[in-house]
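Breakdown of the fold
So you can see what is in the structure, the chains are spelled out below.
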Amino acid sequence: MKILVCVKQVPDMESKFKIDSSSKWYDQSDLVYKINEYDEYAAEEAVRLKEKVSGSELTVLSIGPERVKDAIRKVLAMGADKGIHILDNEEHLKDPFQKASAIAEYAKSENFDIIFTGLQSQDRGSAQLAPLLAGMLNYSFVSTVVAFENKEGYVEVARELEGGLRAKVKVKLPAVVACQLGLNTPRYPTLPNIMKAKRKELKTVNIEELLKVEPLIETEKVYFPERKAGGIVLEGKADEMADELIKILKEKTQVVK
Amino acid sequence: MSELLKGGEFLIREVSKDEVFTPEDLSSEQKQMMETTEQFIKNEVMPDVDAMDNSNHNFDLLVSHMKQAGELGLFSIYAPEEYDGLDLGLTTGACVVEKIAPAGSFSVAYAAHVGIGSLPLIYYGTKEQKEKYLPKLVSGEWIAAYCLTEPDAGTDALGMRAVAKLSDDGKYYILNGTKQFITNGSIADLYTVFAKTPEGEYVAFLVERNFEGVSVGREEDKMGIRGSSTAQIMFDNAKIPVENLLGKVGEGHKIAFQVLDEGRFVLGAAAVGAAKAALEDAVVYANDRKQFGMPLTKFGAIKEKIADMVSGIYSAESLAYRLAGLYDERVSTIDVGKDDPDYYKYYHKALEDYAVECSITKVYCSELLDKVADEVVQIYGGYGFIKEYPAERYYRDSRINRIFEGTNEINRYLVPGMLLKKGMKGELPLVQKAKEALDIMMTPSFEELDESVRFIKEKTLISNLKTMFLVLAGAAVQKYMDKIKNEQEVLFALADMAIGIFSMESAVLRADKVYDKVSDAKKKIFESAVKVATFNLNEDIAKAAKKAAYFVEEGDNLMAIISGIRRFTKYDASGLLQAKRELANYTIENAKYPF
Ligand SMILES: Cc1cc2nc3c(=O)[nH]c(=O)nc-3n(C[C@H](O)[C@H](O)[C@H](O)COP(=O)(O)OP(=O)(O)OC[C@H]3O[C@@H](n4cnc5c(N)ncnc54)[C@H](O)[C@@H]3O)c2cc1C
Ligand SMILES: Cc1cc2nc3c(=O)[nH]c(=O)nc-3n(C[C@H](O)[C@H](O)[C@H](O)COP(=O)(O)OP(=O)(O)OC[C@H]3O[C@@H](n4cnc5c(N)ncnc54)[C@H](O)[C@@H]3O)c2cc1C
């Protein structure tokens, strides 16, 4: 099987974010980057599939500046066979349509049987790339995948629905599979595998070579929402506080008439 | 670039930023290994740390996590590739151990296994011995321990009494004796044991736990690292096959001390990791905890603690990785191949050269960790004293680091001792440099600082402090001559100066090296850390220098030296408060160690 997994590198979500000077994105300096959490599940599932189906080849792809090679290397250390780095220092300014087009451009001649992605990125959160990619390649598409099994000629997945429901879905190959958190337990790359990954092929392609389309959507600005006013803390004697509370409820709500 | 810095040489010449290795120079693979280790410790080990500590000497959890660590390859760093190792060197060793360190007891078990437990075999084992044991140690199937200390021979390890006598048929050594405080004692399968022959020659053995006559004594009830095993190992006419003699007869002490050197370095790196973890817990807590209607981190007193801790950790980290870089670079220049039977001889020569820096790292990092742990308890207030909160464990766990792998006294003692030895052997031109230093001190200087040079104030100070060190060391040697080894108070004061100088220089040169590559916000943080670290270290150095002067000199000489100290420890730390606040605020906002 020919398998592709697409991963994005995102900042540690516990970082303190600042808006950058263009107001189009957050300030990227001094952030610690890691693999988008959803993509770790995608990578793990891709590696498992590769290990199960003998003769398979797993490629890992990421778009972004030089630093995203670290994300690629991590997936190589998890078990992928080779890496494709689409070098783009302005990845953060591209819309999902452009990114999907670039990946499709690369993937169309490669004839992958299956492409794994995360459901969405932790920073942008558009969840558009995978369905767009499937559309462009004319592949089946399935999302919010929480269980995955490879069958003869098709794959069977469980999807997470609303209301605590799940759906068992048969998906024809070739397909794009967008993975939900909790799909599996991503492995820690072992030290020997980290060293082995160093010798695996990691090719860099410039974004210009793959990107042929204009964006469809444009981010005008990013901003922090205005803070909602904080709660009110009542202090004093119990009966006074009760009076105060009733007064507020009468004035500001419909609870007490 | 100038020639690779030799051991001890930092005290007699100016060092440039391009000569120091910094954490910012780590490779992508090293960073990934840190990430793997960090995740493993955070997700698998930390949740069990309290249970391990309270297990009452049941080591099932500890052992199961050791096996997991083996599966991840965390034991493979030093072993050669033909025995399933990765042979990655000390920098990688530091990276990994730093991330293991927050797990206290587990970290000690880990370090004893991969470090002092396995290294003797790696360095001195024959092919057969390595084939038999090393893959088992690398995979974690077997756990290793190092048995040097005895009830009556601790610091004075060579005063050991354990005796190994060759059997009449020449097939066995009959080993008798008791080893004290053996880390991993109860869980180890292979002990490296040091003893003497009846003729008084030192020997080392690879002793399997199941050999006849080997038994494990009672577990010690300890103040800290309570989840680790520390036990006596007894040898009662134990039969050790001659094939299990490690190295040659008469080499035992060399083997014991060589691995301790690396053990000390690794301990330093581990202390850095533990200090970072404790700091970060305290900052998160202080951001959360409100008194007087605001988080503790709003108070200047707490900010100052945080700034001092961060700058201290920054210096410790800078010096530990600097030494790691020196080690690995020196090792990379070894002429013979790794398959050469003499390879490790050259390897040790390389490492041995940095014994001074190694002792400095051990002392500075372990004492820094203790200070951090103490302040972390303080930030937690009453909750710092309560077991439910992590500060209490950090406080107890940190204390052992000043005692084992050579007490900090013996390491301090070694610093000037080894320097003087190098001077005597002609490896360092100490006498001549001391003379020059005295001239410099006696000559007034009106040179203005070239403000266009980055960190010029700090660089000038470092150069002055080196002069001061050489003047005092020269005065001490002149007064006591070869009896100086009996003057520990003097030697310790000199050691404290050398420790401070190496730390300060490492902190400054690291900032200087990475400065152009970091964001403007980060530049300010580096500047603040340098200022705070330089100020704090300089105050300590000045005190040690004065002490040394009063110890050694009197009359006019004393007055001249005291005024020299005044001149040469001058440091304009204008903006210190601002620097402390910036460093603290950055750490508080991000709730993380900033470097
Ligand atoms: C938890 C734990 C784990 C350990 N693990 C191991 C292990 O795995 N393997 C192993 O072999 N050992 C191990 N040790 C032993 C450890 O290395 C010794 O405790 C240490 O070397 C000190 O020896 P001692 O306890 O006998 O103290 P002593 O040697 O009695 O020292 C007591 C004090 O006197 C000072 N002192 C002694 N001699 C001098 C001197 N000449 N000049 C100035 N001051 C001096 C010391 O610095 C110290 O402050 C461990 C100890 C502990 C507590
Ligand atoms: C074993 C034990 C016994 C005790 N016994 C008693 C008892 O018998 N009766 C009793 O009433 N209490 C008792 N206490 C409580 C003890 O007095 C408090 O723990 C102590 O006052 C600190 O308060 P805290 O623990 O809430 O820490 P916090 O007030 O949260 O302080 C945490 C840290 O912040 C610092 N800090 C707080 N405010 C400021 C500020 N404005 N400026 C600068 N720094 C600040 C503190 O100095 C400390 O370092 C006991 C506590 C312990 C642990």
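All of these numbers come straight from a predicted model, not from anything done at the bench. (Residues numbered from 1 in each chain as written. Chains lettered and ligands numbered in written order. Predicted model: local features only at pLDDT ≥ 70, side-chain atom pairs only at ≥ 80, totals over all residues.)

1. So, the overall build of chain B
For the record, the criterion: Only DSSP runs of H or I with at least four residues qualify as helices, and only runs of E with at least two residues qualify as strands; both kinds are numbered from the N terminus onward. Here the globule rule is a power law, 2.2 Å times the number of residues to the power 0.38, and the radius of gyration is based on C-alpha atoms. Comment: burial labels come from other C-beta atoms within 10 Å of the residue's own C-beta, placed from the backbone, where a count of 20 or more is buried, 12 or fewer is exposed, and between is partly exposed.
In terms of regular secondary structure, chain B is built from 19 helices and 10 strands. In terms of C-alpha radius of gyration, chain B reaches 24 Å, essentially the compact-globule figure of 25 Å for 595 residues. Each principal axis of the C-alpha atoms in chain B carries an extent, and together these give about 80 × 60 × 40 Å. Relative to its full complement of 595 residues, chain B shows a buried share of 54%.

2. Quick look at the overall build of chain A
Put simply, the rule reads: Each residue is represented by a C-beta atom placed from its backbone, and any two residues with such atoms within 7 Å are regarded as in contact.
Within chain A, the regular secondary structure consists of seven helices and 11 strands. Considered along the principal axes of its C-alpha atoms, chain A spans approximately 75 × 45 × 40 Å. Across the 257 residues of chain A, 36% fall into the buried class. Intrachain contacts of chain A at a sequence separation of at least 6 include 71% that bridge at least 24 residues.

3. Here we look at the site of ligand 2
Which entries qualify depends on this criterion: For each residue, a C-beta atom is placed from the backbone, and the residue is labelled near a molecule or strand when this atom is within 6 Å of it. Residues were grouped as follows: Ala, Val, Leu, Ile, Met, Phe, Trp, Tyr, Cys and Pro as nonpolar; Asp, Glu, Lys and Arg as charged; and all remaining residues, including Gly, as polar.
Close contacts around ligand 2 come from 13 residues, with Q291, F299, A301, G381 and G382 of chain B the closest. A class-by-class count of the residues in the shell around ligand 2 yields eight nonpolar, four polar and one charged.

4. Some thoughts on the interface of chain A and chain B
Every contact between the two is made by 15 residues of chain A and, on the other side, 17 residues of chain B. Residue assignment for the side of chain A that touches chain B shows that the elements contributing at least two residues are α2 (69-78) and α5 (191-197) of chain A. Considered class by class, the residues forming the side of chain A that touches chain B number seven nonpolar, two polar and six charged.

5. So, the site of ligand 1
Residues and elements named next belong to chain B. Taken together, 20 residues lie around ligand 1, and G154, T155, T183, T407 and E409 are the ones closest in. If you list the elements that add at least two residues to the shell around ligand 1, you get β1 (144-147), β3 (172-183) and α13 (408-424). Counted by class, the shell around ligand 1 contains 11 nonpolar, seven polar and two charged residues.

6. Notes on unusual backbone geometry
Going from L173 of chain A to P174 of chain A, the amide bond is cis rather than trans, its omega being -5 degrees. Relative to the assigned elements, P174 of chain A resides in the loop between β9 (166-172) and β10 (175-179). A positive phi angle, near 65 degrees, is found at S23 of chain A, a position not held by glycine. You can see S23 of chain A is positioned in the loop between β2 (9-11) and β3 (33-35). Using a count of 11 C-beta atoms within 10 Å as the deciding quantity, one classes S23 of chain A as exposed. Phi is positive for D87 of chain B, which is not a glycine, with a value near 50 degrees. Take D87 of chain B: it is sitting in the loop between α3 (60-71) and α4 (90-100).

7. Concerning the sheet that holds strand β1 (residues 2-6) of chain A
All names here are of chain A. Put simply, the rule is: A strand pair is defined by DSSP finding two or more bridges across the two strands. In this analysis, axes come from line fits to C-alpha atoms, helices being fitted only over the stretch in contact, and the angle between any two N-to-C directions falls in the range 0 to 180 degrees.
An order of β9-β8-β7-β10-β6-β1-β4-β5-β11 is seen for the nine strands of this open sheet, with the pairing classed as mixed. Two strands close off the open sheet at either side, each with one partner strand: β9 and β11 (201-206). Each strand of the sheet is rotated relative to its neighbour by a mean of 35 degrees, with strand direction disregarded. Pairing geometry for strand β8 (residues 154-160) and β9, over seven bridges, is antiparallel. Each residue of the ladder has a partner; that of A158, found in β9, is K168. Helix-sheet contacts for helix α3 (residues 96-107) involve β1, β4 (57-64), β5 (82-87) and β6 (114-118), and the interaxial angle to β4 is about 145 degrees. Seen against the sheet, helix α4 (residues 129-137) touches β6, β7 (140-150) and β10 and runs at an angle of roughly 105 degrees to β7.

8. Comments concerning helix α7 (residues 127-139) of chain B
Residue and element names in this part refer to chain B. Note the cut-off: Helix span, expected: 1.5 Å multiplied by one less than the number of residues in the helix. Bend, in this description, refers to the angle at a residue between axes fitted to the seven residues ending there and the seven starting there.
Spanning 13 residues, α7 covers 18 Å between terminal C-alpha atoms, matching the ideal 18 Å at 1.5 Å per step. Of all the bends in α7, the greatest reaches close to 35 degrees and is centred on Y133; the proline P135 follows between one and four positions later. Buried residues of α7: Y133, L134, L137 and V138, and no others. Looking at the packing, one finds that the buried side of α7 touches α6 (119-124), β1, β4 (190-196) and β5 (202-208).

9. Thoughts on the environment of M497 of chain B
Residues and elements named next belong to chain B. Topologically, M497 is positioned in helix α16 (residues 488-514). With 28 C-beta atoms packed within 10 Å, M497 lands in the buried category. Each C-alpha atom of the pair M497 and E251 lies 34 Å from the other, and the pair is 246 residues apart in sequence. Sequence-distant contacts of M497, defined by excluding residues within four places in its chain, comprise F469, I541, A544 and A545.

10. Concerning the pairing of β10 of chain A
Residues and elements named next belong to chain A. For β10, the tally of buried residues reaches five of five residues, placing the bulk of the element in the interior. Burial along β10 is two-sided: A175, V177 and C179 and V176 and A178, pointing in opposite directions, are all buried. Bridge analysis of β6 against β10 gives five bridges, and the strand direction is parallel. The residue bridging F116 from the neighbouring strand is V177, located in β10. The sheet contact formed by β7 and β10 spans four bridges and is parallel. In the sheet register, V145 faces β10, and the bridge partner there is C179.

11. Section: the packing of helix α9 (residues 300-332) of chain B against helix α19 (residues 576-590) of chain B
In a pair of packed helices, the angle between the axes and the distance between the axes together describe the arrangement. Residue and element names in this part refer to chain B. Let me state the cut-off plainly: Small angles under 35 degrees read as roughly parallel and large ones over 145 as roughly antiparallel, with 65 to 115 read as roughly perpendicular and the rest as oblique.
Two numbers describe how α9 lies on α19: the axes approach to 8 Å, and their chain directions differ by 90 degrees. Between α9 and α19, the angle falls in the class roughly perpendicular. Touching K303, E304, I306, A307, V310 and S311 of α9 are K580, R581, L583, A584, T587 and I588, all from α19. Considering only residue class, the contact of α9 with α19 consists of six nonpolar, two polar and four charged.

12. Examining the environment of P225 of chain A
Within the secondary structure layout, P225 of chain A lies in the loop between α6 (207-210) and α7 (238-252). Of the residues examined, P225 of chain A has 5 C-beta atoms within 10 Å and is grouped as exposed.

13. Description of the nonpolar core
Heads up, the condition is: Nonpolar cores are identified as sets of buried Ala, Val, Leu, Ile, Met, Phe, Trp, Tyr and Cys residues joined via C-beta atoms within 7 Å.
In this structure, V5 of chain A together with F205 and L472 of chain B are the most contacted members of the largest nonpolar core, which totals 272 residues. Those residues in contact with L472 of chain B that lie beyond four places of it in its chain are L494, A545, A548, A549 and V552 of chain B.

14. With respect to α4 of chain A
In an α-helix there are 3.6 residues to a turn, and that puts residues three or four apart on one side. All names here are of chain A. Every buried residue belonging to α4 is among L129, A130, L132, L133, A134 and L137, and all of these are buried. Against α3, β6, β7 and β10 lie the buried residues of α4. Of the residues flanking the end of α4, it is N138, one or two places downstream, whose phi is positive at about 60 degrees.

15. Some details on the packing of helix α8 (residues 252-288) of chain B against helix α12 (residues 390-398) of chain B
Residues and elements named next belong to chain B. Heads up, the condition is: Each crossing is labelled by how the near helix is turned from the far one, with a counterclockwise turn of less than a right angle marking it left-handed and a clockwise turn marking it right-handed.
Here α8 crosses α12 at 155 degrees, and the two axes come no closer than 10 Å. Between α8 and α12, the angle is such that the two are roughly antiparallel. The chirality of how α8 crosses α12 is left-handed. From α8, A274, A278, D281 and A282 reach across to α12, where they touch P390, A391, Y394 and S398. Of the residues that constitute the contact of α8 with α12, the class distribution is six nonpolar, one polar and one charged.

16. Notes on the confidence of the model for chain B
As a reminder of what qualifies: A residue's pLDDT is the predictor's confidence in that residue, given on a scale from 0 to 100.
The share of residues in chain B with pLDDT of 70 or more is 100%, and the mean pLDDT across the chain is 96. Per the prediction output, this complex has pTM 0.94; the corresponding ipTM is 0.93.

17. A short note on the environment of L576 of chain B
All names here are of chain B. Mapping L576 onto the fold places it in helix α19. L576 sits 41 residues away from F535 along the chain, and the two C-alpha atoms are 8.3 Å apart. Once residues within four sequence positions are removed from consideration, L576 is found in contact with K531 and F535.

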